[in-house]
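Residues per chain, in single letters:
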Amino acid sequence: MDKSRTSLPSEVAPRINRRELITSAATLLASPMLASPMHTAHGASRRRARQLTARPGLADITNNKTPETRIWGYDGQVPGPVLRVKQDEELAITLVNELEQPTSIHWHGIRITNNMDGSPLVQPAVEPGDAFEYRFSSPDAGTYWYHTHTRGFEQLTRGLYGVLIVDETTQPAEKFDDEIILAIDDWLLGKDGQIETESIGSMMNMSHGGRTGNWASVNGINKPSMPVQRGARLRARLVNTSNARILDLTFDDLKAWVIALDGQPVAPAQLDAPLTLAPGQRADLAIDIPVSGEDAYVIGIDLGQSTYTAATLQPTSSPALPGRDSAPAPLPPNTQQSHRLDLARSHHVELIMEGGAMGSMREATLGGVAMPIRKLVREGKAWAFNGLADSDIQAPLFDVKQGTTVSIDIHNLTAWPHAMHTHGHHFRHTHTDGVEVAVPGAWRDTHLMERGERHSLSLVADNPGDWLVHCHMVDHAASGMSGWFRVRP
Ligand code: C2O
Ligand code: CU
């Protein structure tokens with residue numbers, strides 16, 4: 001196991017403050033949802049509108065152990081407000097920038113129209129004092145998130161993210177008794193409870209595993225205690241919003257089933273090992289709270305030697321629900337599930353990932369100029385895709401007609417794990433070491449590649465436009481691990 005996964009020393013507060021944060025889950029569940037639906041001129045399709053202001057704020061991430069932490073957040077809070085919309089319903093979000101630097105919002109995992117994607121390929125960042133209205137709808141239901149796509153290595157670090165939930169238009173057959181949302185973040189805080197800023201964007205973080213922290217939060221709170229009813233079947237929506245930390249999550253002795261990954265439904269599968277979530281990834285779980293049993297159940301981050309409490313589920317004393325005997329019913333399929341990969345005729349693309357500390361990369365091309373690694377590092381680059389350290393401005397990784405199946409054969413030749421993310425498309429893991437796998441992986445938008453691994457990710461390029469493909473460890477993305485592809489209508 002790599003080091004970034006195994007150490008989460010709590011330097012801020014040696015002892016865990018078990019102050020009951022009964023309010024936390026309740027607050028999140030009841031957090032102001034979108035403004036009431038408005039009818040468009042055409043009457044038929046509904047639209048939900050609201051404003052999100054990116055601005056500095058204060059957050060109690062350390063449970064009052066320190067002064068409040070100065071963060072940057074949507075509406076000054078971390079996470080930003082939970083956005084909730086129905087499948088195919090239009091969302092109109094006006095981003096107001098009250099930061100001192102440009103910013104943007106990317107709607108991670110949404111198969112969005114290209115010009116609303118928030119990536120630098122399609123949108124100049126919103127200048128301080130300016131605003132931009134994003135308008136889009138999601139063809140798929142599921143658990144998504146939104147975050148800055150400008151200077152992510154700084155802006156995401158400081159808290160510019162939130163959860164975006166798209167509710168099914170077809171009622172799921174499974175009737176959940178309740179829902180919990182867990183946006184799990186990893187902070188590097190000083191003893192004063194403030195975000196350590198000196199290493200933001202440092203070559204040390206960029207060329208190694210990225211910025212990992214010493215303090216975790218769930219919904220902006222350290223170790224929240226979430227009230228749950230005995231006998232309840234919960235739908236838990238988990239998001240790894242960390243810069244770089246790969247989370248191996250444990251669920252005490254609770255019965256839990258994975259029912260969706262990165263928003264896309266999967267056949268319910270009972271968890272019998274930690275659930276791995278790389279930065280950017282999500283999972284929906286069905287979790288059964290026993291009718292009788294413990295006073296608290298720990299959702300933990302497995303650190304190898306120990307388990308760090310991310311949150312506790314606290315059964316309340318109110319009368320128990322009857323509980324369930326059967327496994328949860330699958331979620332209704334999304335439109336994504338109707339995609340058929342035509343692997344026999346797929347367009348093959350090779351993507352060699354190189355660079356970083358302990359890597360063998362000697363040189364790469366930056367701005368059209370081949371340069372040795374030492375010079376690259378002075379230019380703030382440490383990685384390359386196919387030898388290009390600034391591939392986001394060079395030629396596209398591929399350029400295909402809409403409808404083409406594309407298999408991206410990714411070879412991680414670095415000494416580090418990476419979380420590969422595609423914009424506007426979900427893919428399946430179809431080949432390992434060039435050989436087709438018996439059962440392709442779930443449809444996902446982010447895929448973890450361990451060192452040395454070679455996996456093909458295959459997608460149907462059906463969403464016209466220019467799209468990013470990058471590592472979701474934001475320091476890696478900023479220092480060379482970013483490319484793009486074009487889908488022609
Ligand atoms: Cu969640 Cu390009 O990112
Ligand atoms: Cu990476």
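The rules behind each value
Residues numbered from 1 in each chain as written. Chains lettered and ligands numbered in written order. Predicted model: local features only at pLDDT ≥ 70, side-chain atom pairs only at ≥ 80, totals over all residues. Heavy atoms only, no water. Pairing = 2+ DSSP bridges. Helix = DSSP H or I, 4+ residues; strand = E, 2+ residues; numbered from the N terminus. Axes fitted to C-alpha atoms, helices over the stretch in contact; angles between N-to-C directions. Core = buried A, V, L, I, M, F, W, Y, C linked by side-chain atoms within 4.5 Å. Buried < 20%, exposed > 50% of the residue type's maximum accessible area, 1.4 Å probe, protein only. Contact = heavy atoms within 4.5 Å.

Caption draft 1: Inspection of the sheet that holds strand 9 (residues 161–167) at higher detail. Strand order in the open sheet formed by four strands is 4-9-8-6, and the pairing between neighbours is mixed. On the outer flanks of this sheet lie strand 4 (83–86) and strand 6 (105–108), each paired with one strand and no other. Taken pair by pair, the neighbouring strands of this sheet meet at an average axis angle of 25°, ignoring direction. Two elements, strand 6 and strand 8 (residues 142–148), share four bridges in a ladder whose sense is antiparallel. Within strand 8, the residue paired with Trp107 across the bridge is Tyr146.

Caption draft 2: Expanded view of the nonpolar core. If you look at the biggest cluster of nonpolar residues, it comprises 55 residues, and the most contacted ones within it are Trp107, Phe136, Leu164 and Met420. Ignoring anything within four residues of it in the chain, the contact list for Trp107 reads Leu83, Ile93, Ile112, Met116, Asp117, Tyr134, Phe136, Trp145, Tyr146 and Leu164. Formed by 54 residues, the second largest nonpolar core is a distinct cluster that contains Val163, Trp187, Leu275 and Tyr308.

Caption draft 3: Inspection of the pairing of strand 27 (residues 418–422) at higher detail. The buried fraction of strand 27 amounts to five of the five residues, a majority that puts the element mostly inside the structure. The side-chain alternation of strand 27 yields two buried faces, one formed by His418, Met420 and Thr422 and the other by Ala419 and His421. Pairing geometry for strand 27 and strand 30 (residues 446–449), over four bridges, is antiparallel. Directly across from Ala419, in strand 30, lies its bridge partner Leu448. By the bridge criterion, three bridges tie strand 27 to strand 32 (residues 465–471) in an arrangement that is antiparallel. Paired with Met420 across the bridge in strand 32 is Cys471.

Caption draft 4: Molecular detail of the environment of Met371. With respect to the helices and strands, Met371 occurs in strand 23 (residues 369–372). The sequence separation of Met371 and Ala389 amounts to 18 residues, and the corresponding C-alpha distance is 9.9 Å. In contact with Met371, not counting residues within four places along its chain, are Arg362, Glu363, Ala364, Leu366, Leu376 and Glu379.

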